[in-house]
Structures are given as C-alpha cells and as structure tokens.
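# Survey of secondary and tertiary structure
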Amino acid sequence: MAFNLSSNFSDLNNTTDPNTSCLTGNWSSPHHVLYQVANVALLVGYLAPEGTYGVMFLHTLLILGFLLLATWAWVVLCAPDVFTWNFVFTIVNLIQMLFILYKLRPVKFSHELEDVYTTLFQPLKVSRNVFKKLISTEYANIVTLQEGDAYSSQNITRTDRLGLLVSGKVTVLANNQFLHHIHGKQFLDSPEFESTVNGDEKFQVSLVATKKSRCIIWQRSSFKFLMIKEPYLSLVMSTLIGRDITNKLYAINEKIMTADGSRVDLRIPSINTLNLELEQVRRASMMGQPENTMTSDEEQDSLDENTPLVQKLANGHGAGGLAPPNGLVVRAPSNSSVATLSLRSISRNGSVGSAYSYQDRGSLPGFYYQ
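Residues numbered from 1 in each chain as written. Predicted model: local features only at pLDDT ≥ 70, side-chain atom pairs only at ≥ 80, totals over all residues. Heavy atoms only, no water.

### So, the overall build of the chain
- Within the chain, the regular secondary structure consists of eleven helices and twelve strands.
- Looking at the chain residue by residue over its 370 residues, the buried ones come to 38%.
- Of all intrachain contacts in the chain linking residues separated by at least 6 positions in sequence, the fraction that spans at least 24 positions is 66%. (Helix = DSSP H or I, 4+ residues; strand = E, 2+ residues; numbered from the N terminus. Buried < 20%, exposed > 50% of the residue type's maximum accessible area, 1.4 Å probe, protein only. Contact = heavy atoms within 4.5 Å.)

What follows is the structure in structure tokens.
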C-alpha cells in the first residue's frame, strides 16, 4: 500500500480547528509534569563536562530523561510511536553506560605482579592499564624457573629477549665462577639486551636459579613493537634498564680490590689508574727489579692497552648511558658510540686478575668477566 503524503497533510489541515490554532494565539495548556521533568533532565545532561566521568554523567541523565518521556508517552499521551522511540533511546544510552563502567573497572594483578608495579612502575606514573598491556600474553610470557633451571647458558643462548625477575633469586656465573646474585624486581639480562641490536649474539654468562623463581620475559621483536606504540612506556623502560645496568656495575665494583686491599672506584678511573701504576712501579723498584726503560709514548701505549677502568662510555645511547649516583658522568668522545670498561688487577710481572669488562661487540656491548 503506497503512502500518500499529500492526503495525510490535507487530513491534518481539515481536522485542525482554526479557533485553536497557535497563529490565533490559542495555546494549549502545559503538558504533564513527567514531560517537564524529562526535558529538564535532558537539559542538565547536555551541560555535562568533558572527560570520562562527564560522559558517564551525560548518559545517566539521558537514560533518566528518555525513560520519563517513554513513561509519559505510554501513560499520558497514549502514543505507541512516541513511547517506542524514547524507549529505544533509553536502551542505547544504557548500553553505552555499561560499556563505560566496564572500561573503568579496577585493574588488579596477582600479589607478585602488584609488588612489581608498585615498586618499579607506579612511581614513574605508569597507569595500570598500560602495565597490564606490558605483561599481557600478547607481548610477554611469565615463566617459572625451578631450582637449578638455567635462564641462559654461556656462549649458547641468544640475547633475543629481556627478562625481569619477579620473585626468587638467580646466580650469575662465568666459566663456572660466581659473579653476583640477581634478586626480585631486577632485570636478568639488561646489559646483554642493550648491548645487541638484533639478538644474534650469545650470552657471555650463565644465569641459574638458586631457588624457585618467577620472571617476565619479553621477546625483542614484540617488546620493540610495544615501545613504538607506547612512547612514554618506552622512556620508562629505558630508565629502568639503565638504572639496572648501573647497579650491576656498582655491584661488581664492590667485589674488585687491589692487592693492598683498597677498592677500585669506577667514578674516578683516571686517578685510580695512575695510583695503581705508580704503586706497582714503586714496589718493583723497592724489590730491586730493573726500572722501566720504556719511553713516554711506549708507556702511554702500555697504559692504554693494559690499564684498567673506564676508557670510553657511550654518550646517550638509550639506556646504556650510565650516570653514577653521585652525579658524575663520564662521556665518550663525540664520534664514539661504543663503551669499553676494563677493571683489572694488573701487576708488572704479568699477572692479571679477574676483570669485569664492557667491550666493543659491534654495537653497545655486554658485561662479562674475562
């Protein structure tokens, strides 16, 4: 059946009483109080401010307003079409409201992950939703290491991942010699992760769990993809990794001592280097050994080759740039992008003790003993 628009308008004109037309000033009485309250609710709702809670306030008042209009249309006006439309608007706004409440639900983590969040990420203003994305199965895996399990094996495991120890304790070994422990809320392989570009290099140390441990592992490719999508999180992770590398350096520094029992200080390498060399020369001369007959240039070359301590530090390369806690920063030349650390216990008779070095391996290098 065709819809005749002209006939409907003509019927409307024929049924309109000229004496009640608004053009003649014959206005009808105000509608029911439900209609008035509904429109007041709509008016206040449209005044809602911006933001998530403002949108919630808007949808709440829209639900109230359209529900009152639907009630008015059903009870007072007795118009099914008016009731139907207002009831549909009520349902639509109710669905929108429930969706917003779902997104605002509190994000909760397990006890151990909550501890990691409150200790490392919350002080740096990382939201719970972003941290949830960081540890989601899309980007990370949470792995349990039993006592004796190896996270990495020296010269075997590739450096194509980054691990954060959530709980437990891991021992770092090089050539089956103990280096140091890694405790909860510390990165397992931050130096190796920063020292490589594509992850094809191998670990220079072995990491073995000394008790049941839990760790979060990010594969390099997925981790970098997430850092591109979350610039602020990328800055936070660079800060945390850089701080972790610095702490590992100072942990090793605490273990290094000269023959007379004094400690070698990473923060003043040139002074320590000179003092160590002068002490060795003085002792050699007191024992009646022949004096060093090298020229100044040859001695400088010898110092450059054998002397301990920091010789270059990468200048601003991601999290690899190290800033000691006392505020002193040792920087590399402007054309240098590689850091070299060499801490050795050297004597003139050729004995060389254990060293913890940070050497050139193509990009920003890794930490290991040699």
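### Looking at the sheet that holds strand 8 (residues 213–219)
- If you walk across this open sheet you meet the four strands as 1-8-3-6, and the pairing is antiparallel. The sheet is open, and its two edges are formed by strand 1 (140–145) and strand 6 (186–187), each paired on a single side.
- Across two bridges, strand 3 (residues 161–167) lies against strand 6 in antiparallel orientation. Among the inter-strand pairings, Leu-165 is bridged to a residue of strand 6, identified as Gln-186. (Pairing = 2+ DSSP bridges.)

### Overview of unusual backbone geometry
- A positive phi angle, near 65°, is found at Asn-155, a position not held by glycine.
- With respect to the element layout, Asn-155 can be found in the loop between strand 2 (150–152) and strand 3.
- Look at Asn-176: it is not a glycine, yet its phi comes out positive at around 65°.
- Residue position: Asn-176 is located in the loop between strand 4 (169–174) and strand 5 (177–183).

### A few points about the packing of helix 3 (residues 52–77) against helix 4 (residues 80–103)
- The interhelical angle for the contact between helix 3 and helix 4, taken along N-to-C directions, is 155°, at an axis separation of 8 Å. Taken together, the axis directions place helix 3 and helix 4 in an arrangement best described as roughly antiparallel. Remark: the crossing between helix 3 and helix 4 carries left-handed chirality.
- Its residues placed into classes, the contact of helix 3 with helix 4 shows 20 nonpolar, seven polar and no charged. (Axes fitted to C-alpha atoms, helices over the stretch in contact; angles between N-to-C directions. Parallel < 35°, antiparallel > 145°, perpendicular 65-115°, else oblique. Left-handed = near helix turned anticlockwise from the far one by under 90°. Nonpolar A, V, L, I, M, F, W, Y, C, P; charged D, E, K, R; others polar.)

### A few points about the nonpolar core
- Residues Phe-121, Phe-131, Leu-134, Leu-162, Phe-187, Trp-218 and Met-237 are the most contacted members of the largest nonpolar core, which totals 29 residues.
- Going through the elements one at a time, helix 5 (111–121), helix 6 (128–134), strand 3, strand 8, helix 8 (220–229) and helix 9 (231–255) are the ones with two or more residues in this core.
- The element contributing the most residues to this core is helix 9, with six residues.
- Setting aside residues no more than four positions away along its own chain, Phe-121 makes contact with Val-116, Val-126, Phe-131, Leu-134, Val-236, Met-237 and Leu-240. (Core = buried A, V, L, I, M, F, W, Y, C linked by side-chain atoms within 4.5 Å.)

### Some points on the sheet that holds strand 7 (residues 206–209)
- Strand order in the open sheet formed by four strands is 2-7-4-5, with antiparallel pairing between adjacent strands. Every interior strand has two partners, whereas the edge strands, strand 2 and strand 5, have only one. Along the sheet, successive strands turn relative to each other by an average axial angle of 30°, direction set aside.
- Looking at chain direction, strand 4 and strand 5 are connected through six bridges and run antiparallel. For Thr-171, the partnering residue across the bridge sits in strand 5 and is His-181.

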